[in-house]
Amino acid sequence: MQYLIGVPAGRLEGRIASKISPIFDEQRMTLSRSDKLLAVRWFVLSFFGLAIFIALASVRLRGLLMNSSLLAAGTLAVSLPLGVLLAVTVVKTSMPGRRLVEGLLVALLFIPLYVHATAWKAALGHSGWLTTGLDASIWFTGWMASIWVHGFAAIPWVVLFVAASLRSLRPELEEESLQDASSWRVLRRVSLRGATAGIVAAALWIAVLCFGEIAVTDLFQIRTFAEEIYTAANLGVLTEPLGMGASSNVELENISQLAASDLWVGTGVVMALVFAALAAIRSWLPSSDAVSTSADWIWNLRWGRWGFALATAVILVGMVGVPAASLVNKTGVTTARVDQEVVRSWSAKKSGRMVVDSFWEHRREWGWTFAIGSAAVVAATLVGVVLAWSLRSGSLPAFPIASLLALGFSVPGPLLAVWLIRVLNQPDDSILWPLTWCYNHTIFAPSLIQFFRALPLTTLLLWSQFASVSQDVLDSATSDGAGWWRQLVCVVLPLRWPAVVAAGGMAMIVAMGDLAATLLVAPPGVTTLSMRIFGLLHYGAEDRVAALCLAVALVVSAVVIVILLIAMPAGRRSVS
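A short tour of the structure in this document, coming up.

The rules behind each value
- Residues numbered from 1 in each chain as written.
- Predicted model: local features only at pLDDT ≥ 70, side-chain atom pairs only at ≥ 80, totals over all residues.
- Heavy atoms only, no water.
- Phe/Tyr/Trp six-rings, centres within 6.5 Å; stacked < 30°, edge-to-face > 60°.
- Helix = DSSP H or I, 4+ residues; strand = E, 2+ residues; numbered from the N terminus.
- Buried < 20%, exposed > 50% of the residue type's maximum accessible area, 1.4 Å probe, protein only.
- Expected span 1.5 Å × (residues − 1).
- Patch = residues over 30% accessible without salt bridge, like charges linked within 9 Å, V, L, I, M, F, W, Y side chains within 5 Å.
- Areas by Shrake-Rupley, 256 points an atom, 1.4 Å probe, with all protein chains shown as cover.
- Salt bridge = Lys/Arg side-chain N within 4 Å of Asp/Glu carboxyl O.
- Axes fitted to C-alpha atoms, helices over the stretch in contact; angles between N-to-C directions.
- Parallel < 35°, antiparallel > 145°, perpendicular 65-115°, else oblique.
- Left-handed = near helix turned anticlockwise from the far one by under 90°.
- Contact = heavy atoms within 4.5 Å.
- Nonpolar A, V, L, I, M, F, W, Y, C, P; charged D, E, K, R; others polar.

Moving on to the packing of aromatic side chains. Scanning the entire structure with this criterion turns up ten aromatic pairs. Judged by centre distance (5.6 Å) and plane angle (65°), the rings of Trp-157 and Trp-205 are edge-to-face. Taken together, the residues span a long stretch of sequence, with Trp-157 in helix 6 (residues 142-167) and Trp-205 in helix 9 (residues 196-212) at a distance of 48 residues. Trp-205 matches Trp-157 in its accessibility class, with the two residues each being buried. A centroid spacing of 5.9 Å and a plane angle of 15° characterise the contact between Trp-366 and Phe-370, whose relative ring orientation is stacked. Of this pair, Trp-366 and Phe-370 both sit in helix 15 (residues 363-393), four residues apart, which is roughly one turn of the helix. Aromatic ring contacts, followed pair by pair, group Trp-120, Trp-148 and Phe-152 into a single cluster.

As structure tokens, then:
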């Protein structure tokens, strides 16, 4: 590489590029040489930007970023090995039931983080059913508990990224390698090496999630960058004019310093991570001129498939079985006094009744959640379709749209809420005073917040599907006089309507799971499910909050199943 990010590459930059270039190996049919060079440039630029932002950070911000980094490192230590194993098992082996495992992991992917936290707290926390008679405060607190919950919740993300990267490999290359090597060696030397971009993208994406979430860190009292923003916003420091929040209190002075300069720097750090992840993801997005006619290579395990099945079952029991059993156990626990002693027992009738009753007991929360989410879903899907088609057709440059997506991914929820509050909270004598009325009396603010949170994921999903539409079909439409808009409405959407439905369903799930931003902008009298569960969690994972979390998990799983049933026929079709 003679040039890097538009300038002659120096010795240091050349070394970095030579190390990074194998991530974007040309064995992927989805990446041309020019795209490979662009991806490497984005990757290197992201990490140079990361170094610059860290250099600009204050001592306090560096400490917060270090805490977030430690959380991300611990999460990756738990999720990466298990996630890569599951991805390889699902995509590259003949293990029985792998499609069912894949569907289960997809459903688990969209279970809100606060449900994971509730389930694991019911299992391993104080009075948890797995720690009866033990002192859970010794280890399931603070860092250990936060890493544990984040780690198991992140495993489906690793499976998603690595599986997508494995499916983008050329089957011909694996088949040719089988002539000179065993299946196990081909899996290690060819398949896993080719999945490097997926592993890197998964690691970066999980780091982004750890930098922006507060549901777990607030519960277990871990000070991170996003948690600091949430605390500052609650104290009113970030929503007041600069300097009004300062006082003799040292903590408020420190937070005021964060508000003064470090917010932008910290957001820049996360945004650099997002750009690096997008560069890695770009290497295995499908392309209309990069479709292999060969079927994916599958390692026929024979007798060894039952060993893989057993290992997969053990992992899934730990990921799904234990948390689900913990919630079910907590909802059915009953106590009775017998001979001056309190006796605990479990009732299936009480468990079922608690879950069913939670729908009615929290009907207002369910109503507000679906009302806010529906508005966000419609907006995110419509805008996502336009942005994805603009990327596919090349009518808009990729860099501004990618920057918009990266900003949506990277801005922590509390900070996004603070920015929106500053825009909507106008004085009475301002010509923009109707914004204040909308902010205080409607669901406009939380709907807009959830729209911004769902838009990046919706756009990426639709972009990946629109990219696989055959260019010959589009050229034929152009020769018949179809313009940009007509091609989208009459050609692309009829071919890829299941993807649009899937994008809308995923946007609804993302909206239901949002907590960090919605918590700060919800008007008086409006309480969503995430806000209610977040409040109940601080009083312990008892039967009421466990039943509500079970109800949320059931609804999310049902939505995911419907999405899969709609999307699977489209996945079986050949590229049009």
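The rest of the description comes next.
Taking 1.5 Å as the rise per residue, helix 17 (residues 413-424) with twelve residues should run 16 Å; its terminal C-alpha atoms sit 16 Å apart, in good agreement. With nine of its twelve residues buried, helix 17 lies for the most part within the structure. Within helix 17, burial applies to Gly-413, Pro-414, Leu-415, Leu-416, Ala-417, Val-418, Leu-420, Ile-421 and Leu-424.

A cluster of nonpolar side chains, Val-386, Trp-484, Trp-485 and Val-489, forms an exposed patch at the surface whose accessible area comes to about 370 Å². Ranked by residue count, the leading element in the nonpolar patch is helix 21 (residues 484-495), at three residues. What makes Val-489 partly exposed here is its relative accessible area of 37%.

Attention now moves to the packing of helix 19 (residues 444-466) against helix 22 (residues 497-513). Relative to each other, helix 19 and helix 22 sit at 155°, their axes nearing to 9 Å. Of the possible angle classes, the one that applies to helix 19 and helix 22 is roughly antiparallel. With respect to the hand of their crossing, helix 19 and helix 22 are arranged in right-handed fashion. Residues Gln-450, Arg-453, Ala-454, Leu-457, Thr-458, Leu-461, Leu-462 and Gln-465 of helix 19 form the contact with helix 22, whose participating residues are Ala-499, Val-500, Ala-502, Ala-503, Met-506, Ala-507, Val-510 and Ala-511. Tallied by class, residues from the contact of helix 19 with helix 22 come to twelve nonpolar, three polar and one charged.

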